[in-house]
Amino acid sequence: MKDVRAKKHLGQHFLNDETIAFNITKLLNNNTRNVVEIGPGMGILTQFLVKNDYKTEVIEIDTESVFYLRLNYPKLDIHEGDFLQINLKKKYPYNFSLIGNFPYNISSQILFKVFENKDQIHEIVGMFQKEVAERVTSKKGKKRGILSVFLQTFYDIEYCFTVNEDVFNPAPKVKSGVIKLVRNERKKLSVDEKKFKRVVKAGFHQKRKTLKNALKPFKLINESKIANLLPLRAEQLTVDDFIRLTNHVQ
Ligand code: SAH
């Protein structure tokens, strides 16, 4: 059958290298057999999931891709719809791994949704544009951002490999990076999570400022105990530093 016509507004760049696809699926630790794939397209990753006997569920927004998948994978569990609109707790009420060559136009939204559903998603494996992949994995410095800190709080994150533009159809303008996130031991924060999020956001919204300035809107308690952190900028702080800061915010 004819290939699916790539649609730009859906961030469609179809991977056409089977070895790379296989290597991505190999990164799954598979300690549960449940895998949810976002944006399977024509199923280049999906085929290996199915071969591996994972209980595979896919979410695809593109009607044409869904049609293609239904013909080629008649037994596959396909949900036609927008990943961002799905209530994951209702639709997949168990622990699962999330995989995908993710649509790059909604990368951050996907990752924020992962963070909101972290107790259900014990692992994420997949491809983002390289810059996003680096940002998420970055432990210090300019690339670090709100998502890096949020995700690193609850996941061990590894940059796995870079993928060149020429293995996609159509070729994207940028390189891609494959990353893997595995849920860590931290079940709950020792500080209020909402407050922690506000502190991290405030720090990065005023990236160039020291934390002392960025945290002006907050009332600090026992400021002397965090005197070593306040002259720094958000990008210089570890997850534990942010937890400590939160402890001193009223
Ligand atoms: N995994 C395929 C396709 C990658 S392109 C491959 O590697 O070849 C990204 C895919 O995500 C496309 O199939 C696109 O239709 C789908 N997609 C885009 N936005 C989506 C959304 N909000 N929810 C689910 N799928 C989406």
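Residues numbered from 1 in each chain as written. Predicted model: local features only at pLDDT ≥ 70, side-chain atom pairs only at ≥ 80, totals over all residues. Heavy atoms only, no water.

**Q** Account for the overall build of the chain, with residues named and values stated.
**A** In terms of regular secondary structure, the chain is built from 10 helices and 9 strands. Over its C-alpha atoms the chain spans a radius of gyration of 20 Å, differing by no more than 12% from the 18 Å that the globule rule assigns to 250 residues. Dimensions along the principal axes, computed over C-alpha positions, put the chain at roughly 70 × 35 × 25 Å. Across the 250 residues of the chain, 53% fall into the buried class. Look at the contacts in the chain between residues 6 or more apart in sequence, and 67% of them connect residues 24 or more apart. Working note: accessible area of the chain is about 12,500 Å², and carbon and sulfur atoms make up 50% of it. Taking the average place of the 43 positive charges on the side chains of the chain and the average place of its 28 negative ones, the gap between the two points comes to 8 Å. (Helix = DSSP H or I, 4+ residues; strand = E, 2+ residues; numbered from the N terminus. Rg over C-alpha atoms; globule rule 2.2 N^0.38 Å. Buried < 20%, exposed > 50% of the residue type's maximum accessible area, 1.4 Å probe, protein only. Contact = heavy atoms within 4.5 Å. Areas by Shrake-Rupley, 256 points an atom, 1.4 Å probe, with all protein chains shown as cover. Lys, Arg positive; Asp, Glu negative; His and termini not counted. Charge placed at Lys NZ, Arg CZ, Asp CG, Glu CD.)

**Q** Account for the environment of H205, with residues named and values stated.
**A** Here H205 lies in helix α8 (residues 193–205). Once the C-alpha coordinates of H205 and G145 are considered, the two residues, 60 residues apart in sequence, prove to be 9.2 Å apart.

**Q** Residues and numbers for the domain arrangement of the chain, please.
**A** When cut into domains, the chain gives domain 1 (8–183) and domain 2 (193–246). Inter-centroid distance (C-alpha atoms) of domain 1 to domain 2 is 31 Å. The partner domain 2 presents 14 residues to the 14 residues of domain 1 that form the contact. Overall, the association of domain 1 and domain 2 removes approximately 1,200 Å² of surface from exposure, summing both partners, and the carbon and sulfur fraction of that is 66%. (Domains from an automatic or database assignment. Buried area = accessible area lost by both parts, 1.4 Å probe.)

**Q** Residue-level account of the packing of α8 against helix α10 (residues 239–247), with values.
**A** Where α8 meets α10, the closest approach of the two axes is 9 Å, and the angle between their N-to-C directions is 110°. Here α8 is positioned roughly perpendicular relative to α10, judged by the angle of their axes. Here the hand of the crossing between α8 and α10 comes out right-handed. Within the contact between the two elements, α8 uses K195, F196, V199, V200 and F204 and α10 uses V239, F242, I243, L245 and T246. Residues belonging to the contact of α8 with α10 are distributed by class as follows: 8 nonpolar, 1 polar and 1 charged. (Axes fitted to C-alpha atoms, helices over the stretch in contact; angles between N-to-C directions. Parallel < 35°, antiparallel > 145°, perpendicular 65-115°, else oblique. Left-handed = near helix turned anticlockwise from the far one by under 90°. Nonpolar A, V, L, I, M, F, W, Y, C, P; charged D, E, K, R; others polar.)

**Q** Describe the sheet that holds strand β5 (residues 96–101), and please don't skip the residues or the numbers.
**A** Spatially, 7 strands are ordered β4-β3-β2-β5-β6-β9-β7 in an open sheet, and the strand pairing comes out mixed. Each edge of the sheet is formed by a strand with only one pairing partner; in this case those strands are β4 (77–80) and β7 (155–163). Strand-to-strand twist in this sheet, taken as the mean axis angle between neighbours without regard to direction, amounts to 15°. One ladder, built from 7 bridges, connects strand β6 (residues 121–129) with strand β9 (residues 176–183); its direction is antiparallel. Counterpart to F128 in the pairing with β9 is G177. Sheet contacts for helix α5 (residues 107–116): β2 (34–38), β5, β6 and β7; angle to β6, the most-contacted strand, approximately 170°. (Pairing = 2+ DSSP bridges.)

**Q** Break down the pairing of β6 for me, with residues and values.
**A** When a strand is regular, its side chains alternate between the sheet's two faces. Most of β6 is tucked away, with 8 of its 9 residues classed as buried. The pairing of β5 with β6 spans 6 bridges and is parallel. Residue pairing for β6: I99 is matched across the bridge by V125. One crossover worth recording links β5 to the parallel β6 by way of α5, and it is right-handed. (Right-handed = clockwise from strand over helix to strand, strands pointing away.)

**Q** A description of the site of the ligand should follow, citing residues and the corresponding values.
**A** Of all residues adjacent to the ligand, which total 20 residues, the nearest are Q12, G39, E60, D82 and N101. With respect to the ligand, the side chain of Q12 contributes an N or O atom lying 2.8 Å from an oxygen atom. Between an oxygen atom of the ligand and a side-chain N or O atom of N101, the distance comes to 2.4 Å. Burial of the ligand by the protein amounts to 97% of the accessible area it has alone, namely 570 Å². Breaking the shell around the ligand down by element, the ones donating at least two residues are β1 (14–15) and β3 (55–60). Looking at the shell around the ligand, its residues break down into 10 nonpolar, 7 polar and 3 charged. (Near = heavy atom within 4 Å. Polar contact = N/O pair within 3.5 Å; in protein donor to acceptor, adjacent residues only side chain to side chain.)

**Q** Residues and numbers for α10, please.
**A** When α10 is considered as a whole, its buried residues turn out to be V239, D241, F242, I243, L245 and T246. Elements in contact with the buried residues of α10: α7 (146–154), α8 and α9 (211–214).

**Q** Outline the side chain of H122, supporting the account with residue identities and numerical values.
**A** Mapping H122 onto the fold places it in strand β6. By relative accessible area, H122 is classed as buried at 13%. Residue contacts for H122: discarding those within four places in its chain leaves N31, T32, N95, F96, S97, Y155, L181, V182 and R183.

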